[in-house]
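For reference, the chains in residue letters:
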Amino acid sequence: MMPIIEELRTLLPDAEATAHAGARLAPGLAPGMLVTLSGELGSGKTTLVRECFVALGWAGTVKSPSYTLLEHYIVSSLYFYHFDLYRFDDPEEWDQAGFSEYLRPDTVCVLEWPERAAGWLPAGDIEMHFEHADSARLLTLRRDERRR
């Protein structure tokens, strides 16, 4: 059977639509997955991740890891690691921080700003890109079935 690479583009008119996209993504997450989110500041990456965790049953606060670089959550017996690499100045900081240790078969890693660790990361199972489109956001989601 030939592997399937799927791509979806959708317009998210507001934060509510972005949150809804996160809720729709949640049931498709499984241990061993890497989900990458790229796009400009304020394009909705953290909003989508926050709602994804809420949809999975997380009742606590979902903090942006912009300053801490990493936040972790245990939801429905899944270990989630949420990275934000915006503050990286050099891709080697990924390796120096020891973050590769978190990419394991028993975790789901959600990573914002993957381009900041170029050359150190595998391709994402799900790769999401956000673009400003006037007052809305354009979300391109790519899923590579070969990685599952």
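Here, the structure is the one placed above.
Values in this document were obtained by computation on a predicted structure and should not be read as measured data.

(A) Fine view of a negative patch on the surface. A grouping of Asp89, Asp90, Glu92 and Asp95 is seen on the molecular surface, where their side chains present a negatively charged patch. Here Asp89 lies in the loop between strand E4 (78–84) and helix H3 (92–96).

(B) Looking closely at helix H1 (residues 15–25). Ala17, Thr18, Ala19, Ala21, Gly22 and Leu25 are the residues of H1 that are buried. Its side-chain oxygen placed 3.2 Å from the backbone nitrogen of Glu16, Asp14 serves as the N-cap of H1.

(C) Quick peek at the pairing of E4. With six of seven residues buried, E4 lies mostly within the body of the structure. Pairing geometry for strand E3 (residues 70–75) and E4, over six bridges, is antiparallel. If you follow Val75 over to E4, its bridge partner there is Leu78. Count of turn residues in the E3/E4 antiparallel hairpin: two residues, of which Ser76 carries a positive phi of about 50°. Pairing between E4 and strand E5 (residues 107–112): six bridges, direction parallel. Its bridge partner lying in E5, Tyr79 is registered against Thr107.

(D) Looking closely at the side chain of Thr46. Checked against the element boundaries, Thr46 lands in helix H2 (residues 45–55). Not counting residues up to four positions away in its chain, the partners in contact with Thr46 are Ser64, His82 and Glu112.

(E) Expanded view of the pattern of salt bridges. Under the defined criterion, the tally for this structure stands at three salt bridges. With its nearest N and O atoms 2.9 Å apart, the salt bridge here joins Arg104 to Asp106. Note on Asp106: relative accessible area 36%, which makes it partly exposed.

Here is what the cut-offs are and how they apply
- Residues numbered from 1 in each chain as written.
- Predicted model: local features only at pLDDT ≥ 70, side-chain atom pairs only at ≥ 80, totals over all residues.
- Heavy atoms only, no water.
- Patch = residues over 30% accessible without salt bridge, like charges linked within 9 Å, V, L, I, M, F, W, Y side chains within 5 Å.
- Areas by Shrake-Rupley, 256 points an atom, 1.4 Å probe, with all protein chains shown as cover.
- Salt bridge = Lys/Arg side-chain N within 4 Å of Asp/Glu carboxyl O.
- Lys, Arg positive; Asp, Glu negative; His and termini not counted.
- Charge placed at Lys NZ, Arg CZ, Asp CG, Glu CD.
- Helix = DSSP H or I, 4+ residues; strand = E, 2+ residues; numbered from the N terminus.
- Buried < 20%, exposed > 50% of the residue type's maximum accessible area, 1.4 Å probe, protein only.
- Polar contact = N/O pair within 3.5 Å; in protein donor to acceptor, adjacent residues only side chain to side chain.
- Pairing = 2+ DSSP bridges.
- Contact = heavy atoms within 4.5 Å.

Functional significance is not addressed by these values, which are geometric in nature.
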